[in-house]
Amino acid sequence: MVSSLSTAYDRLLTKLKRAYVVETVGGVLGWDEQVNLPPESAELRAEQMAVMAELSHQASTDPEIEALLRDLEAARSQLSPDQEVVVRWTRREYDRVTKLPAAFVAERARQSSAAYHAWAECRKKNDFSGYAPFLERQLALAQEEAALLGWGDRAYDYAIDKHDPGMTTAIVAALFAELKEGLLPLVRQIVAAATPTPPDLFRGFPVEAQRVFLREVTEKLGFDYRRGRIDVSLHPFCGGAPTDVRMTTRFNEDAPLDSLFSSIHETGHGMYEQGLAIPDLGTPLGQSVGMGVHESQSRLWENQVSRSRAFWAYFEPRFRELFAAQIESVDSETLYRAINAVEPTLIRVEADEVTYNLHILLRFEIEQRLFKGELAVRDLPATWNALSGEIVGLVPPNDTLGVLQDVHWSGGAFGYFPSYCIGNMMAAQLWYTVLREIPGLESDFARGDFSRLLGWLRTKIHREGRRHDTLALVQRVTGEPLSPRHLLRYLRERYLPLYAKPAGNA
Ligand code: ZN
C-alpha cells in the first residue's frame, strides 16, 4: 500500500476508535442506570444519555469517514485482507447510520419509547388491541428502514441480516425446517419420560453464599475480573467493553439455579468480548460478528459445559459445602436432573434448552407472515395461539402469556429471535468439533480446568473479530456448513439417557 493510502487507513482507524470510545461512555451510563441509579435521578440520566447518543451519532457519521472510505475503496486491490475487512464493514455500518434521514431516526426513537410503555401497560392488562396500533407502526417503520437502506421488498432479509450478517430468510427457513422436523418428535419423547422437578426442591439459599459460588464458578470458567465485573439488576445483561465488561444478574433465594445459569450465560457473552483483539478494539477486527455467534458463546458455556456431569463432578462438593442445610436431602442424581429439567412452558425466557427452540420457531413463522403481509397485526393473537398449540404444544390462556410476553417487537427488534436458535445450533456444532479436536476435554472440566476450551474459542472465534460472517465462520471452524443435526444429536445424547426409564423397572 502506498503511503497516502496507509495514512488514509490510519486516519480511518483513529476516527473509528474515537467513535467507539464515545459509544462506550454511553454504555457505562446505561449500565449505571440499571445498576446504581437513585430513584429520582432518572431525568438527568435521560438527558445525559441523549447528549451521549448525539455525540456518538456525530462521531460515527463524521463526513471525513466517508471521504476516507472512498479513497480506500478506490484502491481496494492494494488493501491487505484485514484492511479490506475494516473497509467493507465500516462502509456497511456507515451507510446504515447516514442513509436514514434524521427525521426518520427521531420518529423511530419516539415510536419505540411510546411502544415500549404501551407494551408494558397492555401486557399487564392483557390488552392486545390497545397495543396493536403501536406494533403496526413499528412494523411499518421496520419496512421503511429496509427500503431506505436499499433492501426494497426484502425487508425481513434486512431485519435478519442486521443481527446476523449474511443470513437470509431463506437460509434460516431451511435450517429451521430441518430442526423442526427432528425436534418435535424428540421433545415429545423427552417430555413423556421426564420427571418434573419437585416444586419445593430449592428453598432459602442465602444470597451471600450464592454470590460466592457464582463468583468462584465464573472465575474458574475464565472470566477475567480484572477487566470486568458482575452486579445486580432487574434484568440480567452483559454490556461494557472488552477491557471493562459489565455483567449483571439477579438473585432469588428459592431459585439458586436461575441466577447461576443466567450468570454463566452472561459470562459466555463476557468472555467472547474479553477475547476480542484488544489492539483492534473499535474496529471490525476487534468486534463480535453478530447476535447468533454471540449467543453461541453464551449457550455453549451455559448448556454444553455447565449442565454437564463433568462440570458438576467438580463443582457439586463446593455447592454442597456452601448450601449444606438447604441441599441435605437432595441426592446428586436429583440435583443433576433439576439442572437439566425439561418442562414445556408458555414463556420463552423460562424455557429449558430442549423446548426453548420451539419458541423461536413460533416467532420466526409469525415474523415471516407479518413481513410478507400474510398476517395482519390485529389477527396476531389468534395465529399466535394456534401456532403455539401446534409447535410448543401449549395454548396460552390469555395474550399476556402469549403474544404479549416479549419486549422485542415494541423496540422494533424484528429478525432478532432467530439469532437465539442460530446460536444454539452453532454451540452444539462447535461443541462436537472441540470434543474431536481436544481429546479428554471433559475430564479437564472434572478437574475444574476450562482453559483448553476457552483457549480454543479464543483462537477459533474471538480473535477473528469480523473477518468472517456467521456462516463462513462456522464452515471454517467446524469444516462443514451450519446444520441443526448437531443440536439434535446433543439434545438426544444428553436428555434421552437422563430420562430413560431404568431397565427392569416395572
Ligand atoms: Zn444471550
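Everything numeric in this text was worked out from a predicted model, so none of it was measured.

J.: So what's going on with the domain arrangement of the protein chain? Residues and values would help.
T.: Structurally, the protein chain comprises domain 1 (3–149) and domain 2 (169–499). Between domain 1 and domain 2, the C-alpha centre-to-centre distance is 27 Å. Facing 33 residues of domain 1, the contacting portion of domain 2 comprises 37 residues. Carbon and sulfur atoms make up 67% of the surface buried where domain 1 meets domain 2, a total of about 3100 Å² over both sides. At the surface where domain 1 touches domain 2, the tally comes to two salt bridges.

J.: Just give me the short version of the sheet that holds strand β3 (residues 244–249), but keep the residues and values in it.
T.: Overall, mixed pairing links the three strands, which are arranged β1-β3-β2 in an open sheet. Looking at the sheet topology across the chains shown, the edges are occupied by β1 (228–232) and β2 (238–241). Each strand axis lies, on average, 20° off the axis of its neighbour in the sheet, ignoring direction. Alignment of β2 against β3, held across four bridges, turns out to be antiparallel. What sits directly across from A241, in β3, is D244. Contacts between helix α10 (residues 256–275) and the sheet are confined to β1, β2 and β3, with β3 contributing the most and set at about 165° to the helix.

J.: So what's going on with the coordination of the zinc ion? Which residues, and what values?
T.: The coordination sphere of the zinc ion, as far as protein atoms go, consists of H265 (NE2), H269 (NE2), E295 (OE) and E295 (OE), spread over 2.1 to 2.6 Å. Sequence spacing of the donor residues for the zinc ion, all on one chain, is H-x3-H-x25-E. Residue H269 is found in helix α10, and its partner E295 is found in helix α11 (residues 291–305); the two are separated by 26 residues along the sequence.

J.: Describe empty space enclosed by the protein, naming the residues involved and giving the relevant values.
T.: On inspection of all chains with the given rule, the structure shows three cavities of 30 Å³ or more. Computed from the structure, the largest cavity encloses a volume of approximately 50 Å³. Taken together, W119, Y131, W384, V403, D406, W409 and F417 make up the full set of residues lining the largest cavity. The residue makeup of the lining of the largest cavity, split by class, is six nonpolar, no polar and one charged. Taken together, Q210, F213, L214, P256, S259, L260, F319 and F323 make up the lining of the second largest cavity. Secondary-structure elements contributing two or more residues to the lining of the second largest cavity are α9 (207–221) and α10. Of the residues that constitute the lining of the second largest cavity, the class distribution is six nonpolar, two polar and no charged.

J.: Can you lay out α10 for me, pointing to particular residues and giving the numbers?
T.: Its 20 residues give α10 an end-to-end C-alpha distance of 28 Å, which sits within 8% of 28 Å, the value for a rise of 1.5 Å per residue. Counting buried positions along α10 yields 18 of 20 residues, so the element is predominantly enclosed.

J.: Please set out the packing of helix α8 (residues 169–193) against helix α21 (residues 485–499) residue by residue, giving values where relevant.
T.: In contact at an axis separation of 10 Å, α8 and α21 are set at 10° when each is read in the N-to-C sense. Overall, the two elements α8 and α21 adopt an arrangement that is roughly parallel. Only R485, L487, L488, L491, R492, Y495, L496 and Y499 of α21 make contact with α8, whose side of the interface consists of E178, L179, G182, L183, L186, Q189, I190 and A193.

The rules we used
- Residues numbered from 1 in each chain as written.
- Predicted model: local features only at pLDDT ≥ 70, side-chain atom pairs only at ≥ 80, totals over all residues.
- Heavy atoms only, no water.
- Domains from an automatic or database assignment.
- Contact = heavy atoms within 4.5 Å.
- Buried area = accessible area lost by both parts, 1.4 Å probe.
- Salt bridge = Lys/Arg side-chain N within 4 Å of Asp/Glu carboxyl O.
- Pairing = 2+ DSSP bridges.
- Helix = DSSP H or I, 4+ residues; strand = E, 2+ residues; numbered from the N terminus.
- Axes fitted to C-alpha atoms, helices over the stretch in contact; angles between N-to-C directions.
- Donors = N, O, S within 2.8 Å, 3.2 Å for Na, K, Ca; no water.
- 1 Å grid on protein atoms, 1.4 Å probe; cavity = no way out; pocket = protein on both sides within 12 Å on 5 of 7 lines; lining within 4 Å.
- Points joined across faces, edges and corners; volume = space filled by probe spheres on them.
- Nonpolar A, V, L, I, M, F, W, Y, C, P; charged D, E, K, R; others polar.
- Expected span 1.5 Å × (residues − 1).
- Buried < 20%, exposed > 50% of the residue type's maximum accessible area, 1.4 Å probe, protein only.
- Parallel < 35°, antiparallel > 145°, perpendicular 65-115°, else oblique.

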